[in-house]
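Chain and residue survey
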Number of protein chains: 2
Amino acid sequence: MTDKPVQLFIDDLLRRKKLREASKNSDEATYLFHSLSESSIQALLSNSIMQNCAGGKHLVQQGDTPTHLFFIIKGGIKTVRYGADGDEATIRLLHSGETFMDAVIFMGGKSPINAVAIEDSSLLMIPAETVRRHVLQDAQFACNLLKIITRHYKNAMQQIDGIITKTPMERLGYYLLKQHLEQGSDSMDIALTFQKSMIANHLGMTPETFSRVLNRIKKMGIYVDQEKITLRDAYVLCHFCDPDTAHTCPRFNADECPLCNDNLKGYH
Amino acid sequence: MTDKPVQLFIDDLLRRKKLREASKNSDEATYLFHSLSESSIQALLSNSIMQNCAGGKHLVQQGDTPTHLFFIIKGGIKTVRYGADGDEATIRLLHSGETFMDAVIFMGGKSPINAVAIEDSSLLMIPAETVRRHVLQDAQFACNLLKIITRHYKNAMQQIDGIITKTPMERLGYYLLKQHLEQGSDSMDIALTFQKSMIANHLGMTPETFSRVLNRIKKMGIYVDQEKITLRDAYVLCHFCDPDTAHTCPRFNADECPLCNDNLKGYH
DNA sequence: CGCACCATTGATATGGATCAATAACTGTGG
DNA sequence: CCACAGTTATTGATCCATATCAATGGTGCG
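Reading guide: rules and limits
- Residues numbered from 1 in each chain as written.
- Chains lettered and ligands numbered in written order.
- Predicted model: local features only at pLDDT ≥ 70, side-chain atom pairs only at ≥ 80, totals over all residues.
- Heavy atoms only, no water.
- Near = heavy atom within 4 Å.
- Polar contact = N/O pair within 3.5 Å; in protein donor to acceptor, adjacent residues only side chain to side chain.
- Helix = DSSP H or I, 4+ residues; strand = E, 2+ residues; numbered from the N terminus.
- Nonpolar A, V, L, I, M, F, W, Y, C, P; charged D, E, K, R; others polar.
- Buried < 20%, exposed > 50% of the residue type's maximum accessible area, 1.4 Å probe, protein only.
- Pairing = 2+ DSSP bridges.
- UniProt positions renumbered as here; feature names shortened; annotations may be inferred.
- Domains from an automatic or database assignment.
- Contact = heavy atoms within 4.5 Å.
- Buried area = accessible area lost by both parts, 1.4 Å probe.
- Arc of directions from axis to C-beta.
- Least-squares fit on C-alpha atoms with pLDDT ≥ 70 in both.
- Axes fitted to C-alpha atoms, helices over the stretch in contact; angles between N-to-C directions.
- Parallel < 35°, antiparallel > 145°, perpendicular 65-115°, else oblique.
- Salt bridge = Lys/Arg side-chain N within 4 Å of Asp/Glu carboxyl O.

1. Observations regarding the protein's contact with DNA strand C
Near DNA strand C lie 15 residues; those nearest to it are P168, T209 and Q226 of chain A together with K196 and N215 of chain B. By atom count, sugar and phosphate contribute 72% of the portion of DNA strand C lying within 4 Å of the protein. Separating a phosphate oxygen of DNA strand C from a side-chain N or O atom of N215 of chain B is a distance of 2.3 Å. Of the residues forming the surface near DNA strand C, the biggest block, 4 residues, is contributed by helix α7 (residues 207-216) of chain B. Residues that form the surface near DNA strand C fall into these classes: 2 nonpolar, 8 polar and 5 charged.

The following block contains the structure:
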């Protein structure tokens, strides 16, 4: 019944799960399967399929009835809304380990977004109906989905906030800070893992503005070389911190942090 | 155990539920309790409390650990993010029957948003821990939450899209269209049920711009008198329709609709 | 009646979009 | 290995939409 490559994926998942339990390392990347029993995973993926697709492929169109939840094994995806005259608004930029169409299949009706492969990718596709059924059968799975979708929603709120109240400079800084914390905040290097034009659109600005802002930010001690960013020290991005982000920062409340302490008082 | 006013609310809920089942009328307003058994509702609300609060009260602050899910019995609430220098970004504007902090309690960590009463309100407060526990016990409830949060997320995506790609005029039109469809699309009148300055902020513009745009839109056959909008005919708002919204429109694909038909082809 | 508050209207300024040209890079095929 | 085309990023010049600033008008409330 279960597809061969899918079964290989499951086996791999379970193997890593056991390793994780042994080392008590919580792997956020595969949160969809967090704390699920082996049989639950088997049931969930029993009629899933594995698909490879080339960069540029439109996987889901606005107006389609969503058919699958996608899990990115490898590659990159963007979810985006197109306006009538071609201009686009990028909602999310995703890499392997992340899911998309997870929220859409619960919205009822047609998809409000497009999903486009931005590089050659391989995807695990779980039928929407299977997901909806599984939610009713495994409460832990429902909980995982709630956590995942809820995180998307939080990001969306920050995106809205950024576009309305923050300058392009601040938006860039905030984006870099998030990348920095995500990519491991020990290293002073940050990689831009997406095309600049895509990041620009995601941040609600044109590529030209993005480029100019990247230039201006150098004066703050953030050096830019192509897609590699190097920080002068660990605190140059603190100016862009906000209360949501602060508590995920390993240097939160450090004496050296120039703004975390001061700023947070402002939110009393 | 159960609070007296809460029990009254439950009784009322169950009474209306029976009426609804008799008349087959699906009441979207109380979706949180949709299809829940009587005992499930009792369990969920067993340690809830009812609270009245005055307009202006800050119910939740950014950075607070969320303690309750709120259900609005009566009144109005806004959820909003404040920047360091006082400027704000309104995420949602809510009336009775809607919930807030529903998503936040699943995010883990501190609240990324503030919740403020914009008029005298009464609220049903369900402890966050109770909600989280109930999700694991009643899969239908988990499903309801998924649908609700997922709808918020969809609105957030449309908000992002609007601010990035649409002009203030288009954003206003889209807002009016949604209100029109929500308030009953038979009537040619639309009420602005929130302060203009709040709607303006929600749409990502200043009150001044909002006011000017309200003026310009009159030329399209949309007459404005204080907080009452009157449409010349049912199709003046069609220009602002998008594929997501189209299929909820009772006049979708009507011959008279000037743009629905044409526009949708653009999305092939 | 007078004080707040909110909405409106007008005048001005400016930040970022747009348009346009160049430069850097990627991959491809001879 | 290099030349060339196609793509993406950068840089510069200009323009315009919307924010900002400022003043007025309307409304509700004590």
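There is more to say, and it comes next.
2. Considering the pairing of strand β11 (residues 228-231) of chain A
Walk down a regular strand and you will see the side chains alternate between the two sheet faces. Residue and element names in this part refer to chain A. Residues I229 and L231 line the buried face of β11, whereas the alternating positions K228 and T230 sit on a face that is not buried. Both strand β9 (residues 189-191) and β11 contribute to a ladder of 3 bridges, which runs antiparallel. Paired with A191 across the strands is K228, a residue of β11. Where strand β10 (residues 222-225) and β11 come together, 4 bridges link them in antiparallel fashion. Bridge pairing in β11 links I222 to L231.

3. Examining the UniProt feature "domain: HTH crp-type" (unreviewed entry) in chain A
As annotated in UniProt, the feature "domain: HTH crp-type" (unreviewed entry) corresponds to residues 166-235 of chain A in the numbering used here. Secondary structure content for residues 166-235 of chain A is 46% helix and 16% strand, and the end C-alpha separation is 20 Å.

4. Section: the domain arrangement of chain A
All names here are of chain A. Under the domain assignment, chain A is made up of domain 1 (4-156) and domain 2 (166-263). Facing the 12 residues of domain 1 at the interface are 8 residues of domain 2. When the area that domain 1 buries against domain 2 is broken down by residue, the three leading residues are T90, L93 and H95, summing to 55%. In this structure, the connection of domain 1 to domain 2 is made through 6 residue pairs in polar contact (both at pLDDT 80 or more). Where the side of domain 1 that touches domain 2 is concerned, the elements lending two or more residues are β5 (88-95) and α4 (139-165). Top element by residues in the side of domain 1 that touches domain 2 is β5. It accounts for 8 residues. Here the side of domain 1 that touches domain 2 is composed, by residue class, of 5 nonpolar, 3 polar and 4 charged.

5. Quick notes on the protein's contact with DNA strand D
The immediate surroundings of DNA strand D are formed by 15 residues, with K196, R212 and N215 of chain A together with P168 and T209 of chain B found nearest. The side chain of S197 of chain A places a nitrogen or oxygen atom 3.3 Å from a phosphate oxygen of DNA strand D. Contact between DNA strand D and E208 of chain B: a base nitrogen at 3.2 Å from a side-chain N or O atom of the residue. Where the surface near DNA strand D is concerned, the elements lending two or more residues are α6 (196-202) and α7 (207-216) of chain A together with α7 of chain B. Counting residues per element, the surface near DNA strand D draws most heavily on α7 of chain A, which supplies 4 residues. Its residues assigned to classes, the surface near DNA strand D shows 2 nonpolar, 8 polar and 5 charged.

6. A look at helix α2 (residues 38-45) of chain B
Residue and element names in this part refer to chain B. The set of residues buried in α2 consists of S40, I41, L44 and L45. Mapping the buried residues of α2 onto a view down its axis gives an arc of 115°, with all of them on the same face. Taken together, the buried residues of α2 touch α1 (4-23), β8 (121-127), α3 (128-137) and α4 (139-165).

7. Side note on the relation of the copies chain A and chain B
For the pair chain A and chain B, the best superposition has an RMSD of 0.0 Å and corresponds to a rotation of 180° with a translation of 0.0 Å parallel to the axis. Classification of the inter-copy transformation places it as that of a two-fold axis.

8. Considering the sheet that holds strand β10 (residues 222-225) of chain B
Residue and element names in this part refer to chain B. Here we have 3 strands laid out as an open sheet, ordered β9-β11-β10, and antiparallel in their pairing. Of all strands in the sheet, those bounded by a partner on one side alone are β9 (189-191) and β10. Adjacent strand axes in the sheet meet at a mean angle of 25° when their direction is disregarded. The strands touched by helix α5 (residues 168-182) are β9, β10 and β11 (228-231); relative to β9, the strand with the most contacts, the crossing angle is about 105°.

9. A look at the sheet that holds strand β2 (residues 58-60) of chain A
Reading across the sheet, the 4 strands line up as β2-β7-β4-β5 (chain A) and stay open at both edges, with antiparallel pairing between neighbours. Only two strands of the sheet have a single partner each, and these edge strands are β2 and β5 of chain A. With strand direction ignored, the average angle separating the axes of adjacent strands in the sheet is 30°. Alignment of strand β4 (residues 76-82) of chain A against strand β7 (residues 114-117) of chain A, held across 4 bridges, turns out to be antiparallel. In the strand pairing of β7 of chain A, V80 of chain A is matched with N114 of chain A. In this fold α4 of chain B packs onto β4 and β5 of chain A, with an angle of close to 125° to the strand it touches most, β5 of chain A.

10. A word on the environment of Q42 of chain B
Residues and elements named next belong to chain B. Looking at the element boundaries, Q42 is found in helix α2. Judged by its relative accessible area of 24%, Q42 is partly exposed. Each residue touching Q42, except ones within four places of it in the same chain, is listed here: T2, Q7 and I10.

11. Comments concerning the packing of α2 of chain B against α3 of chain B
Residues and elements named next belong to chain B. Interaxial distance between α2 and α3 falls to 9 Å at its minimum, and their mutual angle equals 150°. When the axes of α2 and α3 are compared, the pair comes out roughly antiparallel. For the pair α2 and α3, contact is made by S40, A43 and L44 and by T130, V131 and H134, respectively. Considering only residue class, the contact of α2 with α3 consists of 3 nonpolar, 3 polar and no charged.

12. Some thoughts on the interface of chain A and chain B
Taken together, the contact pairs 49 residues of chain A with 49 residues of chain B. Note on chain A versus chain B: buried area summed over both sides is about 4600 Å², and carbon and sulfur give 70% of it. For the pair chain A and chain B, the number of links is 6 salt bridges. With a shortest N-O distance of 3.0 Å, D242 of chain A and R81 of chain B are connected by a salt bridge. Where chain A packs against chain B, one counts 8 residue pairs in polar contact (both at pLDDT 80 or more). No other element matches α4 of chain A, which puts 21 residues into the side of chain A that touches chain B. A breakdown of the residues in the side of chain A that touches chain B according to their chemical character gives 24 nonpolar, 15 polar and 10 charged.

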